[in-house]
Amino acid sequence: MEPGTLAILLLLPFVAVFECAAWKEHRRVRQKGRSTYGLTYDPESNTTYIGTIADTAASYDPEDYDRKRPAPRTPMTRTTGPRTR
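Residues numbered from 1 in each chain as written. Predicted model: local features only at pLDDT ≥ 70, side-chain atom pairs only at ≥ 80, totals over all residues. Heavy atoms only, no water.

Caption draft 1: Representation of the overall build of the chain within the structure. Each helix and strand in the chain was counted, giving 1 helix and 2 strands. For the chain, the proportion of its 85 residues judged to be buried stands at 7%. Taking the intrachain contacts of the chain between residues at least 6 apart in sequence as the baseline, contacts between residues at least 24 apart amount to 14%. Carbon together with sulfur atoms contributes 59% to the accessible area of the chain, which is approximately 8,300 Å² in total. (Helix = DSSP H or I, 4+ residues; strand = E, 2+ residues; numbered from the N terminus. Buried < 20%, exposed > 50% of the residue type's maximum accessible area, 1.4 Å probe, protein only. Contact = heavy atoms within 4.5 Å. Areas by Shrake-Rupley, 256 points an atom, 1.4 Å probe, with all protein chains shown as cover.)

Caption draft 2: Summary view of unusual backbone geometry. The backbone phi angle of Asn46 is positive, close to 55°, even though this residue is not glycine. Within the secondary structure, Asn46 sits in the loop between β1 (36-42) and β2 (47-53).

Caption draft 3: Quick peek at the pairing of β2. When β1 meets β2, the two strands line up antiparallel, connected through 7 bridges. Looking at β2, one finds that Leu39 is bridged to Ile50. Counted between consecutive antiparallel strands, the loop separating β1 from β2 contains 4 residues, among which Asn46 sits at a positive phi close to 55°. (Pairing = 2+ DSSP bridges.)

Caption draft 4: Examining the pattern of salt bridges more closely. Counted by the stated rule, this structure contains 1 salt bridge. Note that Glu25 and Arg28 form a salt bridge whose closest N and O atoms lie 2.7 Å from each other. Within this pair, Glu25 and its partner Arg28 are both found in helix α1 (residues 3-32), separated by 3 residues, close to a single helical turn. (Salt bridge = Lys/Arg side-chain N within 4 Å of Asp/Glu carboxyl O.)

Caption draft 5: Expanded view of the environment of Asp42. With respect to the secondary-structure elements, Asp42 resides in strand β1. Setting aside chain neighbours within four positions, we find Asp42 in contact with Thr47 and Tyr49.

Caption draft 6: Region of interest: α1. For α1, spanning 30 residues, the distance from its first C-alpha to its last is 43 Å, which sits close to the expected 44 Å at 1.5 Å a residue. Bending of α1 peaks at approximately 35° at the position of Leu12, with proline Pro13 no more than four residues after it. Within two residues after α1, Gly33 carries a phi angle of roughly 90°, on the positive side. (Expected span 1.5 Å × (residues − 1). Bend = angle between axes of the 7 residues up to and from the residue.)

Caption draft 7: Up close: the side chain of Arg28. The class for Arg28 is buried, based on a relative accessible area of 19%. Within the structure, the side chain of Arg28 is placed 2.7 Å from the side chain of Glu25, a separation counted as a polar contact. (Polar contact = N/O pair within 3.5 Å; in protein donor to acceptor, adjacent residues only side chain to side chain.)

This is how it looks when you write it as structure tokens:
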């Protein structure tokens, strides 16, 4: 197999995924309008993630984050005690 053909076959899945994502984003913009993306804070897990921000909502400001405030206890949080099996 020629190197050019092999390169095209290797890149084809990535191009297809990119095109699919671009098409879905294009359809979303046409239906719902432009969105503002930014850090969204989840107080339940005390984490941030990238998502759409509503026009009426304030975006997350990293300067307001308080590291000294402990995260809320969740079932996924590790305990500091000894492990038991």
